[in-house]
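# Observations on the model geometry
So you can see what is in the structure, the chains are spelled out below.
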Amino acid sequence: MKTTNYFNTFIEVADDCPAAEGEVPTAKGDKVTIASYQFDMIMAHPYQYTSDDILYNQYADKEGLKGQARKDGRSEYFQIGRACLRASPLGKRYGWGIHYDEEGRIAIYAKGTPEYERFSKDAKLQHTKAMRSKKA
């Protein structure tokens, strides 16, 4: 089974992120967007979920999977490689850094906050950036 999880890592916002500070993504009308789903789930439960949890729950909710089908579907979902949260609009567009603790659980921090600055300078963490929206 493949995974999207990182450990002891901070994903900084993309170099071409248009947000000067963290912006709260909103749904478009009554449609939940990828960014608003991820933001709401992570903000409501910091350091409770891994990247795999977030991505699979988003998929399962979109597909309407319930009960045993939801439980059984997870291993099938991760049989192929999936884009990790480096590809999330949170870091690409909305200005949110993603911190993974030693167990791979995540929380997000807005660019421009003391917490974001502290994580971005923490030498004990691995550092990477969210994927750029445009090719260089």
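Structure shown above.
Anyway, here's the lowdown on the structure attached to this text. Chains are numbered independently. Their residues run from 1 in the order of the written sequence. In view of the model being predicted, local features appear only for residues whose pLDDT reaches at least 70, and side-chain atom pairs are presented and counted only at 80 or more, with totals across whole chains, interfaces and linings using the full set of residues. Side-chain metrics rest on all non-hydrogen atoms present in the structure, leaving aside hydrogens and water.

### Notes on the overall build of the protein
What the protein contains, in helices and strands, is five helices and four strands. Listing each helix as α and each strand as β along the protein from the N terminus yields β-α-α-α-α-β-β-α-β. Taken against the 2.2 N^0.38 rule, which gives 14 Å for 136 residues, the C-alpha radius of gyration of the protein at 15 Å falls within 12% of a compact globule. Along the three orthogonal principal directions, the C-alpha set of the protein runs to about 45 × 35 × 30 Å. A run of H or I in DSSP becomes a helix once it reaches four residues, and a run of E becomes a strand once it reaches two; helices and strands are each numbered from the N terminus. Atoms counted for the radius of gyration: C-alpha only. Globule rule: 2.2 Å times the number of residues to the power 0.38.

### Some remarks on the pairing of strand 1 (residues 9-12)
Burial classes: relative accessible area under 20% of the type maximum marks a residue as buried, over 50% as exposed, and values in between as partly exposed (1.4 Å probe, protein chains only). Side chains T9 and I11 of strand 1 all project onto a buried face; the interleaved residues F10 and E12 project onto the opposite face, where all are buried too. For two strands to be treated as a pair, DSSP must find no fewer than two bridges joining them. With three bridges connecting them, strand 1 and strand 2 (residues 96-100) associate as antiparallel partners. By the bridge assignment for strand 2, F10 is matched with H99.

### Section: the sheet that holds strand 1
With mixed pairing, the four strands of this open sheet are ordered in space as 3-2-1-4. One side of each edge strand has no neighbouring strand; the edge strands of this open sheet are strand 3 (106-110) and strand 4 (126-129). Between one strand and the next, the sheet's axes are offset by a mean angle of 20°, whatever the strand orientation. Pairing of strand 1 with strand 4, which is carried by four bridges, proceeds in the parallel orientation. By the bridge assignment, T9 is partnered in strand 4 with Q126. Any pair of residues with heavy atoms lying within 4.5 Å of one another is described as a contacting pair. Note on geometry: axes are lines fitted to C-alpha atoms, helical ones only across the stretch in contact, with angles between N-to-C directions running from 0 to 180 degrees. Contacting strand 2 and strand 3, helix 1 (residues 34-44) runs over the sheet at an angle of about 105° to strand 3.

### Some words on the pattern of salt bridges
The working definition used for a salt bridge is a side-chain nitrogen of Lys or Arg within 4 Å of a carboxyl oxygen of Asp or Glu. A complete count under the given rule lists eight salt bridges for this structure. When the shortest N-O distance is used, the salt bridge between D53 and R74 registers 2.9 Å. Of this pair, D53 sits in helix 2 (residues 51-63) while R74 sits in helix 3 (residues 67-77), and the two are 21 residues apart along the sequence. Owing to a relative accessible area of 17%, D53 belongs among the buried residues under this scheme. The exposure class assigned to R74 is partly exposed, which follows from its relative accessible area of 24%. Note that R105 and E103 form a salt bridge whose closest N and O atoms lie 3.5 Å from each other. Put simply, E12, D15 and K129 are held in one network by salt bridges that share partners.

### What to know about the nonpolar core
Remark: nonpolar core denotes a set of buried residues (Ala, Val, Leu, Ile, Met, Phe, Trp, Tyr, Cys) joined through side-chain atoms within 4.5 Å. The biggest cluster of nonpolar side chains holds 33 residues, and the ones touching the most others in it are L90, W96, I98, I106 and I108. Put simply, the parts of the chain that give this core at least two residues each are strand 1, helix 1, helix 2, strand 2, strand 3 and helix 5 (114-121).

### Section: the packing of helix 2 against helix 3
Axis separation between helix 2 and helix 3 bottoms out at 10 Å; the angle between their running directions is 120°. Classified by the angle between their axes, helix 2 and helix 3 sit oblique to one another. Taken as a pair, helix 2 and helix 3 cross one another with a handedness that is right-handed. Note on element contacts: helix 3 touches helix 2 through A69, R70, G73, R74 and Y77, opposite D52, D53, L55, Y56, N57, Y59, A60 and D61. Under the scheme applied here, ten amino acids are nonpolar (Ala, Val, Leu, Ile, Met, Phe, Trp, Tyr, Cys and Pro), four are charged (Asp, Glu, Lys and Arg), and all others, including Gly, are polar. Considering only residue class, the contact of helix 2 with helix 3 consists of six nonpolar, two polar and five charged. In these notes the angle categories are as follows: under 35 degrees is roughly parallel, over 145 is roughly antiparallel, 65 to 115 is roughly perpendicular, and the rest is oblique. Here a crossing is taken to be left-handed if its near helix is turned anticlockwise relative to the far helix by less than a right angle, and right-handed if that turn runs clockwise.

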